[in-house]
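Residue-level structural notes
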Amino acid sequence: MKLGLYSDGLGHLPLVDCLDFCRQRALQCIELGTGNWSEAPHIALASLLASASRRDELLGGIAARGLTISALNCSGNPLHPGAVGEQHRKTIADSIVLAARLGVGRIVTMSGCPGGPGDSHANWIVTSWPPEARDILAWQWREQVIPYWIELAAMARDHGVRLCLEMHGTQCVYNVETFDRLREATGESVGINFDPSHLLWMGADPIAAVGRLAGSIFHAHAKDTRLEAMAAINSRLDAKPVMPVEGRSWNFVAVGRGQDASFWRALIAALRRAGYDDVLSIENEDYALSAADAIDASIACLRGAIAA
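This structure is a prediction, so every number in the text was calculated from the model and none was measured.

Let's shift gears to empty space enclosed by the protein. In the structure shown here, the tally under the stated rule is 1 cavity of 30 Å³ or more. Space inside the largest cavity adds up to approximately 30 Å³. As for the largest cavity, its lining consists of Arg226, Val245, Asn251, Phe252, Val253, Asp286, Tyr287 and Ala288. A per-element tally of the lining of the largest cavity places strand β9 (residues 250-253) first, with 3 residues. The residue inventory of the lining of the largest cavity, partitioned by class, reads 5 nonpolar, 1 polar and 2 charged.

Dropping the structure here:
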């Protein structure tokens, strides 16, 4: 196992300072956001696509600090109706091309979620009632999800890039079953960016999920979720903003501040049994700590778990 960092967690720092932060902590990998829901604080997608010298400069600065790029991250909603979806689809396609030109074999993204026929916003269907929900869900997969991903998977294969989908709320692929459905249609160039934090707030067991995903985990995020006391009252469904953290049913936290060290030891062991012995890319969204403190706490927990 290797430790890395999704650089958006240090988006307030210039790229050189972010890379130095990683070098000082002996991290091995960096994951870079290229756009969509990432503000792409450290790289400019269009200029890197256009300039071989800028690509060489980026790769040189990363290599000089003993790092490699684990993935490019362009998470968004490529199936959103209208202009948003069109822009997100372009960013994903451009990220695949850039990954190939940089020699990076993976991009991290999400499946997307369309609306229903004639809708102007996404519609995440997670229950079979009322009856029209089933009709909308069938239409989404038949007319939107499967056609787009068959085409994108072919493009990724042509460029030698693997697609790493994050199972995430408000996306059509949000658990193991929905991922299996998509992969059956698209083939083995589509895999998982395994992030336990979303499974935790949705009520799944990440360790059990890893066992079902053996052979299809291409990348992994190290990110934790803490269930709060309000979950017992309001359930785990919580549409309140992530800040303030008080009063929420759950919060994203530094690794080890939600699930204890035994959980992370068991998860890393499960990942290895499932054939994944690669990067754990720390994605920090702990809003109660400074970024540096949260990342350092995550590194300490993960290093102990890997050693154990």
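Right, picking up where we left off after that structure.
A separate point is the layout of surface pockets. Any empty space left between atoms is shown by rolling a water-sized probe over those atoms. Roughly 850 Å³ of internal volume is contained in the largest pocket. Trp37, Lys223, Glu283, Glu285 and Tyr287 are the residues nearest the centre of the largest pocket, which is lined by 34 residues in total. The set of elements that each furnish at least two residues to the lining of the largest pocket consists of α7 (196-202) and β9. Taken together, the residues of the lining of the largest pocket sort by class into 12 nonpolar, 12 polar and 10 charged. Put simply, the second largest pocket is a space of about 220 Å³. Along the wall of the second largest pocket there are 13 residues; nearest its centre are Leu15, His42, Arg54, Glu57 and Leu58. Elements with a contribution of two residues or more to the lining of the second largest pocket: α1 (15-24), α2 (45-50) and α3 (52-63).

Let us now look at a nonpolar patch on the surface. Among the surface-exposed residues, Val242, Met243 and Tyr287 lie close enough to one another that they form a single nonpolar patch of about 270 Å² accessible area. Among the structural elements, methionine 243 can be located in the loop between α9 (231-234) and β9.

This part is about the pairing of strand β10 (residues 279-282). A regular strand places its side chains on the two faces of the sheet in alternate fashion. The alternating pattern of β10 places Val279 and Ser281 and Leu280 and Ile282 on opposite faces, both of which are buried. The sheet contact formed by strand β1 (residues 2-6) and β10 spans 4 bridges and is parallel. Pairing of lysine 2 across the sheet is with valine 279, part of β10. Bridge count between strand β7 (residues 217-222) and β10: 2 bridges; the pairing is parallel. Bridge pairing in β10 places histidine 221 opposite serine 281.

The packing of two helices is summarised by the inter-axis angle and the distance between the axes. Interaxial distance between helix α10 (residues 261-273) and helix α11 (residues 291-307) falls to 8 Å at its minimum, and their mutual angle equals 55°. Here α11 runs oblique to α10, going by the angle between their axes. Between α10 and α11 lies a crossing of right-handed hand. On the side of α10, the interface is formed by Trp264, Arg265, Ile268 and Arg272, while α11 contributes Cys301, Leu302, Ala305 and Ile306. When grouped by side-chain class, the residues that make up the contact of α10 with α11 number 6 nonpolar, no polar and 2 charged.

Cut-off values and rules
- Starting from 1, residues in each chain are numbered consecutively following that chain's sequence as written.
- Where totals are concerned, whole chains, interfaces and linings use all residues; where local detail is concerned, this predicted model gives features only for residues with pLDDT of at least 70, and gives and counts side-chain atom pairs only at 80 or more.
- Here the side-chain values reflect all heavy atoms present in the structure, with hydrogen atoms and water set aside.
- Computed over the protein atoms alone on a 1 Å grid, cavities are sets of points where a 1.4 Å probe fits but cannot get out and pockets are open sets with protein on both sides within 12 Å along at least five of seven lines; a residue lines them when it has an atom within 4 Å of a point.
- Grid points are joined across faces, edges and corners, and a volume is the space filled by probe spheres set on the points.
- Only DSSP runs of H or I with at least four residues qualify as helices, and only runs of E with at least two residues qualify as strands; both kinds are numbered from the N terminus onward.
- Ten residue types, Ala, Val, Leu, Ile, Met, Phe, Trp, Tyr, Cys and Pro, are classed as nonpolar, four, Asp, Glu, Lys and Arg, as charged, and the remainder, Gly among them, as polar.
- Distance thresholds for patches are 9 Å for like charges and 5 Å for nonpolar side chains (Val, Leu, Ile, Met, Phe, Trp, Tyr), applied to residues having over 30% relative accessible area and no salt bridge.
- Each accessible area value is a Shrake-Rupley result obtained with a 1.4 Å probe; residue values ignore everything except the protein chains displayed when judging cover.
- Salt bridge criterion: a side-chain nitrogen from Lys or Arg within 4 Å of a carboxyl oxygen from Asp or Glu.
- Partly exposed residues are those whose accessible area sits between 20% and 50% of the maximum for their type, while under 20% is buried and over 50% is exposed, using a 1.4 Å probe and protein chains only.
- Strands are treated as partners if at least two bridges between them are detected by DSSP.
- Axis angles are defined between N-to-C directions and span 0 to 180 degrees, where every axis is a line fitted to C-alpha atoms and, for a helix, only to the segment in contact.
- Should an angle fall under 35 degrees it is called roughly parallel, over 145 degrees roughly antiparallel, and 65 to 115 degrees roughly perpendicular, with every other angle called oblique.
- Here a crossing is taken to be left-handed if its near helix is turned anticlockwise relative to the far helix by less than a right angle, and right-handed if that turn runs clockwise.
- Pairs of residues are marked as contacts when any of their non-hydrogen atoms sit within 4.5 Å.

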